[in-house]
Amino acid sequence: MLRNTLWNLLGEGLPMAAALLSIPLLISAVGMERFGALTLIWALLGYLGVLDLGLGRSLVQVVADRIGHAGGPGETPEEAGQGLANTAGIAGPAIALMGAIGILTGGAVALGAGLLADRFQLETGTSPDEIRLSLLVAAAIVPIALISAGLRGVLEAHQRFRPISLVRMTVGVLNYLSPLFVLPFSQSLVPVIAAIAVGRFIGLVGYGVLAVGQVPDLLRPGRWGRPALRGLFTMSAWMMLNNLVGPAMLYADRFILLSLVPAAMVAFYTTPFELLSRLMVIPGALSLALFPLASSLFRRDPPALGRILDAGGHLTLAVFLAMQAATIVGGETALELWLGPAFAANSASVLSILMLGVFFNATAYVPNTLIQSVGRVDVTARLQLVELPVYLGVLWLLAERYGAVGAAAAWSLRTAVDCGLLLVLLPRLAPGTGTVALTIGLRALLAGVAGLAGLLVGGPVGAAISLTGLLAVGLGVAGRLLRTRSWEKLAAPLRKNRAVPLPAALPAPRMNGQAIDGAAADRP
């Protein structure tokens with residue numbers, strides 16, 4: 001788990017470093033107007049990625065569940081082999097559908113390139129012809145991106161995080177650095193987008209080679225058979241709803257705040273929010289590693305979900321307790337050094353309040369992942385649908401009365417409630433997780449109370465109160481991690497259950513040169 005999480009972090013971190021290096025050079029070379037158009041095209045490609053209808057994430061769960069079910073108690077070797085064979089029968093049609101959606105979406109972008117170019121030209125001042133041609137090239141990236149997401153889902157289900165991260169790092173670095181190689185020859189956006197398209201195609205080939213190596217029948221449509229895809233599509237519909245409602249709650253605050261206070265005041269909220277939101281890459285990388293593991297072990301070894309929650313939940317608590325303490329000690333100073341004393345004076349309290357919300361939001365990642373891993377994406381989607389109108393009402397009231405501080409309080413309150421509800425719901429869906437969920441919930445609550453008490457008291461005394469409370473909770477979390485070493489116990493069922501012998505016609509899938517067992521752990 002820790003190894004996979006580190007690979008996921010590396011897969012996200014290296015492209016971010018490439019972006020920090022390349023963006024100033026791009027701005028200097030192509031000018032602010034063209035760079036503005038480039039960022040809009042990047043954003044457009046990002047938004048179109050949602051149109052996979054949730055199939056990418058759903059594919060991970062369904063394929064991992066099939067792998068975990070193969071070789072389970074009471075299953076014959078022939079049945080296990082057929083179960084593994086059926087993963088291609090599910091993944092193949094799903095990836096083909098994602099490709100078709102990508103072609104249709106890319107075609108729509110190509111057909112609307114003229115209208116979009118006029119709109120982009122108004123926003124950036126760049127030549128409409130240049131933007132139109134750039135959009136035509138970008139349209140070809142859409143099916144590449146969606147097919148890559150499907151292939152990556154197959155690999156994530158098999159927990160091939162090291163090769164996934166290597167490909168992702170390559171694509172991410174090329175996304176930002178490849179344009180620099182064409183700038184000596186042309187400063188037009190067209191070759192810049194073309195260079196990005198080449199990088200995405202290289203990623204597609206990389207994912208394809210890895211996925212076919214893992215599941216050879218992906219290239220044999222005649223062997224896909226007629227698997228029941230209804231469950232996959234039902235889950236993907238709920239996943240799509242999650243993908244739509246989640247961003248709505250994430251970005252509603254700034255729009256409501258902008259309608260109530262001057263734009264300059266909004267910056268005091270959005271700046272620390274954007275800064276702290278980058279920390280979510282940590283629980284995101286952990287959840288990415290846990291999702292296929294939990295999906296695979298759910299049927300084969302149900303008690304493993306309790307161990308996963310214990311390991312992942314307490315590891316997240318440990319990291320973000322330290323983050324919260326660091327914010328209390330040096331948050332205002334960091335803002336002052338970064339943006340000046342005037343900005344820090346207006347934004348320090350917002351930063352502290354938002355950090356509480358980030359703490360609860362991070363703590364919610366693991367229970368949210370476990371609920372989705374057992375196939376109950378509908379629960380998290382319904383929960384967000386219930387939360388959305390309540391959150392918007394509270395957000396409006398607090399933002400209208402207290403401005404940026406009120407918006408921060410509303411967002412943090414929502415994340416705390418959401419975290420609590422997920423921890424309450426999880427034991428109902430995954431038996432055996434109740435005791436751990438209660439322990440994590442109580443520790444998160446105590447840390448939140450300590451942070452809130454410090455904010456209400458204020459000054460050095462308030463900081464001392466918060467730090468004392470966080471230290472007490474942190475000692476308990478550290479003791480739990482050191483005493484149980486629960487992350488090592490996650491591998492127990494994988495060591496006990498060796499891969500079942502498969503029929504001769506169906507070779508056992510390989511991972512890093514070794515036959516995988518039901519959970520397909522990425523072992524060295």
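Further up the page is the structure itself.
In this report, we go over the structure that sits alongside the text. What you see is a predicted model; the values in this text were computed from it and never measured. (Residues numbered from 1 in each chain as written. Predicted model: local features only at pLDDT ≥ 70, side-chain atom pairs only at ≥ 80, totals over all residues. Heavy atoms only, no water.)

1. Overview of the environment of aspartate 418
Right, so step 1: Position of aspartate 418 among the secondary structure elements: in helix α14 (residues 404-429).
Right, so step 2: A C-alpha to C-alpha distance of 8.0 Å links aspartate 418 and asparagine 361, two positions 57 residues apart in sequence. (Helix = DSSP H or I, 4+ residues; strand = E, 2+ residues; numbered from the N terminus.)

2. Some words on helix α13 (residues 377-402)
Right, so step 1: With 26 residues, α13 ought to run about 38 Å at 1.5 Å a step, and its terminal C-alpha atoms sit 35 Å apart, in line with that.
Right, so step 2: A bend of about 30° at leucine 388 is the largest found in α13, and the proline proline 389 appears one to four places after it.
Right, so step 3: Backbone geometry just downstream of α13 places glycine 403 in the positive-phi region, at approximately 65°. (Expected span 1.5 Å × (residues − 1). Bend = angle between axes of the 7 residues up to and from the residue.)

3. Quick notes on a nonpolar patch on the surface
Right, so step 1: Among the surface-exposed residues, Leu438, Leu442, Leu445 and Val449 lie close enough to one another that they form a single nonpolar patch of about 380 Å² accessible area.
Right, so step 2: Mapped onto the elements, leucine 442 comes out in helix α15 (residues 434-457).
Right, so step 3: Here leucine 442 falls in the partly exposed class, since its relative accessible area comes to 46%. (Patch = residues over 30% accessible without salt bridge, like charges linked within 9 Å, V, L, I, M, F, W, Y side chains within 5 Å. Areas by Shrake-Rupley, 256 points an atom, 1.4 Å probe, with all protein chains shown as cover. Salt bridge = Lys/Arg side-chain N within 4 Å of Asp/Glu carboxyl O. Buried < 20%, exposed > 50% of the residue type's maximum accessible area, 1.4 Å probe, protein only.)

4. Some thoughts on the packing of helix α6 (residues 161-182) against helix α7 (residues 189-214)
Right, so step 1: In contact at an axis separation of 8 Å, α6 and α7 are set at 165° when each is read in the N-to-C sense. The pairing of α6 with α7 is recorded here as roughly antiparallel in orientation. For α6 against α7, the interelement crossing comes out right-handed. For the pair α6 and α7, the contacting residues are Pro163, Ile164, Val167, Arg168, Val171, Leu174, Asn175, Ser178, Pro179 and Val182 in the first and Pro191, Val192, Ala195, Ile196, Gly199, Arg200, Ile202, Gly203, Gly206, Tyr207 and Leu210 in the second. (Axes fitted to C-alpha atoms, helices over the stretch in contact; angles between N-to-C directions. Parallel < 35°, antiparallel > 145°, perpendicular 65-115°, else oblique. Left-handed = near helix turned anticlockwise from the far one by under 90°. Contact = heavy atoms within 4.5 Å.)

5. Some points on α6
Right, so step 1: A rise of 1.5 Å per residue sets the reference length of α6, with its 22 residues, at 32 Å; its end C-alpha atoms lie 31 Å apart and thus fit the reference within 8%.
Right, so step 2: The sharpest bend along α6 reaches about 45° and sits at asparagine 175, with the proline proline 179 one to four residues further on.

6. What to know about the pattern of salt bridges
Right, so step 1: Throughout the structure, instances matching the rule amount to six salt bridges.
Right, so step 2: Across the pair arginine 382 and aspartate 378 runs a salt bridge, and its minimum N-O distance is 2.6 Å. Of this pair, arginine 382 and aspartate 378 both sit in helix α13, separated by four residues, roughly a single helical turn.
Right, so step 3: A residue is classified by how much of its surface remains accessible, and aspartate 378, at 10% relative accessible area, is buried.
Right, so step 4: We note a salt bridge from arginine 414 to glutamate 387, for which the minimum N-O separation is 3.4 Å.

7. Notes on the environment of leucine 395
Right, so step 1: Within the secondary structure, leucine 395 is located in helix α13.
Right, so step 2: Through-space distance from the C-alpha of leucine 395 to that of arginine 414 is 9.3 Å; in sequence the pair is 19 residues apart.
Right, so step 3: The contacts of leucine 395, once residues within four sequence positions are left out, are Ala252, Asp253, Ile256, Ala407 and Ala410.

8. A few points about the side chain of threonine 363
Right, so step 1: Relative to the helices and strands, threonine 363 resides in helix α12 (residues 341-373).
Right, so step 2: Judged by its relative accessible area of 2%, threonine 363 is buried.
Right, so step 3: Here threonine 363 is in contact with Thr316, Leu317, Cys419, Ile440 and Ala444, once residues within four sequence places are set aside.

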